[in-house]
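Okay, here's what each chain looks like letter by letter:
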Amino acid sequence: AAAAASEGSPLVVVEDSPTTTLQVRLADGSRTTVRANKSHTLEALHAHIASLTPGVAFSLRAGFPPKRLGELGRTLEEAGLLNEAITQSKE
């Protein structure tokens, strides 16, 4: 489901919990690295990316061919997104 543009909120990494690093290509073509706990949800990742690109309505895609990431309640680990490349697509 497409999310409305929002301010979002940065991820807070818990240092003593397992982490992963995601390569994110933002809609403007720039790239960033996001460090997150494996237990963070897709919703939290979406909110974090929204905080990097305020005012942009977008969806997230991963895999090849890229598929829209749904089920925002799933964790990064459950979604198979550990150490993955994620793409922000404008809606």
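As the structure is a computational prediction, the values presented were derived from the model and not from experiment. (Residues numbered from 1 in each chain as written. Predicted model: local features only at pLDDT ≥ 70, side-chain atom pairs only at ≥ 80, totals over all residues. Heavy atoms only, no water.)

1. Digging into the overall build of the protein
Then comes step 1: Counting its regular elements, the protein contains one helix and five strands.
Then comes step 2: The N-to-C order of helical and strand elements in the protein reads β-β-α-β-β-β.
Then comes step 3: Relative to the compact-globule value of 12 Å for 91 residues, the protein shows a C-alpha radius of gyration of 12 Å, a close match.
Then comes step 4: Dimensions of the protein, computed from C-alpha atoms along their principal axes, come out at roughly 35 × 30 × 25 Å.
Then comes step 5: Expressed as a percentage of the 91 residues in the protein, the buried residues total 31%.
Then comes step 6: Counting only contacts in the protein whose residues sit at least 6 apart along the sequence, the fraction spanning at least 24 positions is 64%. (Helix = DSSP H or I, 4+ residues; strand = E, 2+ residues; numbered from the N terminus. Rg over C-alpha atoms; globule rule 2.2 N^0.38 Å. Buried < 20%, exposed > 50% of the residue type's maximum accessible area, 1.4 Å probe, protein only. Contact = heavy atoms within 4.5 Å.)

Such coordinate-based values are descriptive only and should not be taken to indicate function.
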